[in-house]
Amino acid sequence: MRNPTQQAADTGGDGNGFEVNPTNAFTNDGHPAVNKDGPGDRHRFYGYGLAIPAGCALKGIEVMLDWKLDSTSGTSSMSVELSSDGGVTWTAAKTDAQETSSYHQATLGGSADLWGRSWTRADLDDGNFRVRVRCDSTAAGRDFYLDWVPVRVTYGP
């Protein structure tokens, strides 16, 4: 698993993404990034340092979310989209809808999942590859806690 090294709030919701300590989502340490009152908020993570050796092809991409909610009232979820062009276009979202007020780890994608598109080695460069996390809830005041958002790529000949 590779950790992000950069982040930025994205449009959507109130426009501030994980506004409290967003860099806390870079490592699995129990100190989360927090999206307060954030249904609809989106946040970008990047700088994963992903690389595929020459002569190999990408076979799959996994994104792990280590997250929880402040409360399970309403219907809430966290989704991920991927970009290969710095955030101009995005894959279809993959969603974890397990509602819990205790941390849990959800893996979206997999070792044989290309997220509905083909990828080149250049698509994974730090200047191109982005992970966008979206928080959704029917409860307007819902707080989301994201402790970690690493990526794993699977490749082979």
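Owing to the predicted nature of the structure, the values given are computational and were not obtained by experimental measurement. (Residues numbered from 1 in each chain as written. Predicted model: local features only at pLDDT ≥ 70, side-chain atom pairs only at ≥ 80, totals over all residues. Heavy atoms only, no water.)

**A closer look at the overall build of the protein**
The test is simple: Segments assigned H or I by DSSP are reported as helices when at least four residues long, segments assigned E as strands when at least two residues long, and all are numbered from the N terminus. Each radius of gyration is computed over the set of C-alpha atoms, and the globule rule expresses the reference value as 2.2 Å times the number of residues to the power 0.38. Two residues form a contact once any of their heavy atoms are found within 4.5 Å. Areas reported here follow the Shrake-Rupley algorithm with a probe of radius 1.4 Å; residue values treat only the protein chains shown as occluding. Positive: Lys, Arg. Negative: Asp, Glu. His and the chain ends are not part of the count. Where a charge sits is defined by one atom per residue type, namely NZ (Lys), CZ (Arg), CG (Asp) or CD (Glu).
Looking only at helices and strands, the protein features zero helices and 10 strands. For the protein, the α and β elements follow one another from N to C terminus as β-β-β-β-β-β-β-β-β-β. Relative to the 2.2 N^0.38 estimate, which gives 15 Å for 157 residues, the radius of gyration of the protein is 15 Å and therefore close to what a compact globule would have. The principal-axis extents of the C-alpha atoms in the protein amount to approximately 50 × 30 × 25 Å. Considering only residue pairs separated by 6 or more positions, the protein has 78% of its internal contacts joining residues 24 or more positions apart. Accessible area for the protein stands at about 6,600 Å²; split by element, carbon and sulfur atoms hold 46% of it. With 14 positive and 20 negative side-chain charges, the protein shows a spacing of 6 Å between the two charge centroids.

**Points about the nonpolar core**
Keep this limit in mind: Definition used in this section: a nonpolar core is a set of buried Ala, Val, Leu, Ile, Met, Phe, Trp, Tyr and Cys residues joined via side-chain atoms within 4.5 Å. To sort residues, take the accessible area from a 1.4 Å probe on protein chains only and compare it with the maximum for the residue type: under 20% means buried, over 50% means exposed, and anything in between is partly exposed.
Core analysis: the biggest nonpolar cluster contains 31 residues, and Ile-61, Phe-129, Val-131, Val-133, Leu-146 and Val-149 have the highest contact counts within it. Mapped onto this core, the elements with two or more residues apiece are strand S4 (57-69), strand S5 (76-83), strand S7 (104-110), strand S8 (130-137), strand S9 (144-148) and strand S10 (151-156). Excluding residues that lie within four positions of it along the chain, Val-131 makes contacts with His-43, Arg-44, Phe-45, Tyr-48, Val-63, Val-80, Glu-81, Leu-82, Trp-90, Val-149 and Val-151.

**Topic: the side chain of His-104**
The criterion, for reference: Whenever two N or O atoms come within 3.5 Å, that pair is a polar contact, provided that in protein one can donate a hydrogen and the other can accept it, and provided that, for residues adjacent in sequence, both atoms are side-chain atoms.
Following the sequence through the fold, His-104 ends up in strand S7. The class for His-104 is buried, based on a relative accessible area of 10%. Side-chain polar atoms of His-104 contact the side chain of Asp-96, separated by 2.6 Å. In contact with His-104, other than residues within four places in its own chain, are Leu-65, Asp-66, Trp-67, Asp-96 and Gln-98.

**Quick word on the sheet that holds S8**
Note the threshold: Two strands are counted as paired when DSSP detects at least two bridges linking them. Angles shown run from 0 to 180 degrees and are taken between the N-to-C directions of axes, each axis being a line fitted to C-alpha atoms and, for helices, limited to the stretch in contact.
Spatially, the five strands line up as an open sheet ordered S1-S3-S8-S5-S6, and their pairing is antiparallel. The open sheet has two free edges, formed respectively by strand S1 (6-10) and strand S6 (94-96), since each of these has just one partner strand. Taking the axes of each pair of neighbouring strands and ignoring which way they run, one obtains an average angle of 25 degrees across the sheet. Examined bridge by bridge, S5 and S8 share eight bridges and lie antiparallel to one another. Bridged to Ser-79 within S8 is Arg-134.

**What to know about the packing of aromatic side chains**
Threshold: Note on ring pairs: Phe, Tyr and Trp rings are taken, using the six-membered ring of Trp, and paired if centres are within 6.5 Å. Classes follow the plane angle, with under 30 degrees stacked, over 60 edge-to-face and the rest tilted. Remark: a charge is flagged as sitting over a ring if the NZ atom of Lys or the CZ atom of Arg is within 6 Å of the ring centre and within 35 degrees of the ring normal.
Across all of its chains, the model carries four aromatic pairs by this definition. Here Tyr-48 and Phe-129 contribute two aromatic rings whose centre-to-centre distance is 6.0 Å and whose plane-to-plane angle is 80 degrees, an arrangement assigned as edge-to-face. Note that Tyr-48 is positioned in the loop between strand S3 (42-46) and S4 and Phe-129 in the loop between S7 and S8, a separation of 81 residues in sequence. Neither Tyr-48 nor Phe-129 differs from the other in exposure class; each is buried. Taken together, a centroid distance of 6.3 Å and an interplanar angle of 20 degrees make the contact between Trp-67 and Phe-144 stacked. Taken together, the residues Trp-67 in strand S4 and Phe-144 in strand S9 connect sequence positions 77 residues apart. No difference in accessibility class separates Trp-67 from Phe-144, as the two residues are buried. Through successive ring pairs, a cluster of aromatic residues spans Tyr-48, Trp-119 and Phe-129. When the ring centre of Tyr-46 is taken as origin, the NZ or CZ atom of Arg-130, which lies over that ring, is 3.9 Å away.

**A closer look at the side chain of His-43**
Considering the arrangement of structural elements, one finds His-43 in strand S3. Using a relative accessible area of 1% as the deciding quantity, one classes His-43 as buried. Among all residues touching His-43, those that are not within four sequence positions of it are Gln-7, Ala-8, Ala-9, Asp-10, Asn-16, Gly-17, Phe-18, Pro-22, Val-131, Arg-132 and Val-133.

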